[in-house]
Structures are given as structure tokens and as C-alpha cells.
Amino acid sequence: YKLSVAPEMDIMEYCRKEWRGDTPVAKRMRKGYEAVAQKFAAIRRVRGDNYCALRATLFQALSQATQLPSWLQSEDFTMLPENLKSKYDWIKQWQLKQKLGRKMGEISDEIKEYLILLRKKWKNISEIKGPIEKQEACDKLFRNEEEEYSLYEALKFLMLNTAIELYNDDRNGRRVPVFSWLLFARDTSSNPCQLMHNHLNHIGHSGGLEQVEMFLLAYALQYTIQVYRLYKYSTDEFITLYPNDPEEDWPVVTLITEDDRHYNIPVRMCQETML
């Protein structure tokens, strides 16, 4: 199995290898990497398929997990596929990567298994005390393709569930985050059914996560996703937070992108940053 997240490499060494020229873009990227290197010593490359935003986020969340998030502990967590299927007939059109062409009626048990797997892996890894052992457990998980892709299917389903909750909250006059309006203001996703058909079903096959879906992922996981967007160096958007008004108690994961399409992982916080 090839590792989905490559071993560590010195961040400036990586930058010099990738961005040699004297073009304005190369200069900006080097400046961006220099800024990241103030905080992090190394980078891990993430396999570049259409799951890379999910992969980078989940890898970071698991590698620093010290407890099981409360939403993973709830009793009805694993009942989500059944509960949603009983309320929304259109959910039967949900697509699984490995099972294209099979409908939700047949696959809700599999999604339940994926949700149980997510809970189990998160619990096991969060209970590992030593940082080296924890990292090894994450590397092992992200070498196991079948398990890894099952976890992404679980995350996508959680994103759908979160979108349905936000959509219903808005319709019922409750306050929702701004991104939720943007999510449902798109012609291609004016409601959760369209979001599923035109976006979520395609993640991992023909497309990755768009900006507004990064917010949805953050809400689904109840994590703040902090992204160094290198091509935005020296602008207000160089470091972007999803969501931009995060809850105080949400843990933070950090990613790096050069183009808002592919995400890598910065690791090894520099000592002075930690102090």
C-alpha cells in the first residue's frame, strides 16, 4: 500500500524543489512558504486525488486527537442513514465511490458501518498517549485504502446531514452561519437534494471540495480548519479560517494550499510558536 500522506520533508527544502524560477508566482510562493516556516518546520504531501481536502483535514484531526468529539459519542450517531432515509426519499440517490449505481436503499447499512468505523478509529487513536505511536497509528490507517476511503464516505454523509440541519434551521427562522446562505445560493445547490446530486456525490470522483464546502466540512466535524493559502500571500486571505468566526472550543487543524484545490499538511510546530 502506498501511504496517502507522504513522510515529512523540511518545508523550505520542499519549497526550493517546487518553486525554482524567478516568475512573480514562484517568488510569491517562496514568500508564502517562508511565512509558514516561521510556525512549522516540515510538510507532508497529501495524495492528490479529489479527496485531498477530506484526507488532509481528517489526517490532521486524528493525529492530534486526544478525545472523542461529543457528536461522535451521541447514541443516534450511527442511526443517521436510517433516520435521514425515513424523512427524505431523495437520499436514496446517494452514491458511494466503490458502489456506483447502487442506491441508498441498498447501501444505508454500509454507510452505518462507515460511521461506526469512523467512531472506532477516532476513539482508538485519541486514546494513544505517545506522539510517535499516535503518528504511527495514523500512518497505518492512511495506508489501508479500503478503510481510508470508507472514512471519506462517512465524512461526506456527515456533511450532507449538516447541510440538511442548516437548511431546515434557516427555513424555520433560526440563525445560521453566513456560509450556509452562500451554499444554498448557488444555482447548483439551492437545497440539500441538489447539493447531494451536483456536489457531494461527485467529491472523490470528478471534483474536490469548493471553498464553501470547506465551511460545511468544518461544521460537520466541529473543527476550525485554518488554511495557509500561499497564492494569497500578502493579502488578508493568506491565512483563511473555516468558519471565519469559529466556536471557542473547536479544535484547530492547519492545512496548506497553493491553489485552493490541492491541500498539504504542515507539521512540527516550531518550539517558539508553541511557547
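Residues numbered from 1 in each chain as written. Predicted model: local features only at pLDDT ≥ 70, side-chain atom pairs only at ≥ 80, totals over all residues. Heavy atoms only, no water.

Let us now look at the packing of aromatic side chains. Evaluation of the coordinates by the stated rule reveals 18 aromatic pairs. Note on Y228 and F238: the rings are 5.6 Å apart at their centroids and 65° apart in plane angle, and the pair reads as edge-to-face. Placement of Y228 in strand β3 (residues 224–229) and of F238 in the loop between β3 and β4 (239–242) is noted, with a sequence separation of 10 residues between them. Y228 gets classed as buried once you look at its relative accessible area, which sits at 3%. The class of F238 is buried, set by a relative accessible area of 10%. Taken together, the ring pairs connect F179, F215, Y219, Y242 and W250 into an aromatic cluster. (Phe/Tyr/Trp six-rings, centres within 6.5 Å; stacked < 30°, edge-to-face > 60°. Helix = DSSP H or I, 4+ residues; strand = E, 2+ residues; numbered from the N terminus. Buried < 20%, exposed > 50% of the residue type's maximum accessible area, 1.4 Å probe, protein only.)

A word on a negative patch on the surface. A surface patch of negative charge is lined by D245, E247, E248 and D249. With respect to the secondary-structure elements, D249 resides in the loop between β4 and β5 (252–257). By relative accessible area, which is 65% here, D249 ends up exposed. (Patch = residues over 30% accessible without salt bridge, like charges linked within 9 Å, V, L, I, M, F, W, Y side chains within 5 Å. Areas by Shrake-Rupley, 256 points an atom, 1.4 Å probe, with all protein chains shown as cover. Salt bridge = Lys/Arg side-chain N within 4 Å of Asp/Glu carboxyl O. Lys, Arg positive; Asp, Glu negative; His and termini not counted. Charge placed at Lys NZ, Arg CZ, Asp CG, Glu CD.)

Feature annotation in UniProt assigns "active site" (unreviewed entry) to the following positions: D49, C52 and H262. For this annotated set, covering 214 residues, all C-alpha atoms fall within 8.4 Å of each other, a compact arrangement in space. Here C52 lies in helix α3 (residues 52–63). The class for C52 is buried, based on a relative accessible area of 3%. Apart from the residues lying within four places of it in its own chain, the contact partners of C52 are V46, R47, R261, H262 and Y263. Here H262 is to be found in the loop between β5 and β6 (263–269). (UniProt positions renumbered as here; feature names shortened; annotations may be inferred. Contact = heavy atoms within 4.5 Å.)

Turning our attention to the side chain of H199. Residue position: H199 is located in the loop between α10 (192–198) and α11 (211–221). A polar contact is formed between the side chain of H199 and the side chain of T188, at a distance of 2.7 Å. A polar contact of 3.2 Å, which involves the side chain of H199, links it to the side chain of E213. H199 has contacts with R186, T188, S189, Q194, E210 and E213, leaving out every residue within four places of it along the chain. (Polar contact = N/O pair within 3.5 Å; in protein donor to acceptor, adjacent residues only side chain to side chain.)

On to the nonpolar core. Ranked by internal contacts, the top residues of the largest apolar core, which has 75 residues, are L118 and W122. Among the elements that line this core, the one with the most residues is helix α8 (residues 145–171), at 13 residues. Look past the residues within four positions of L118 in its chain and what remains in contact with it is L58, W71, L72, F77, L151, A154, L155 and L158. In this structure, Y33, Y228, L230 and F238 belong to the second largest nonpolar core, which totals 13 residues. (Core = buried A, V, L, I, M, F, W, Y, C linked by side-chain atoms within 4.5 Å.)

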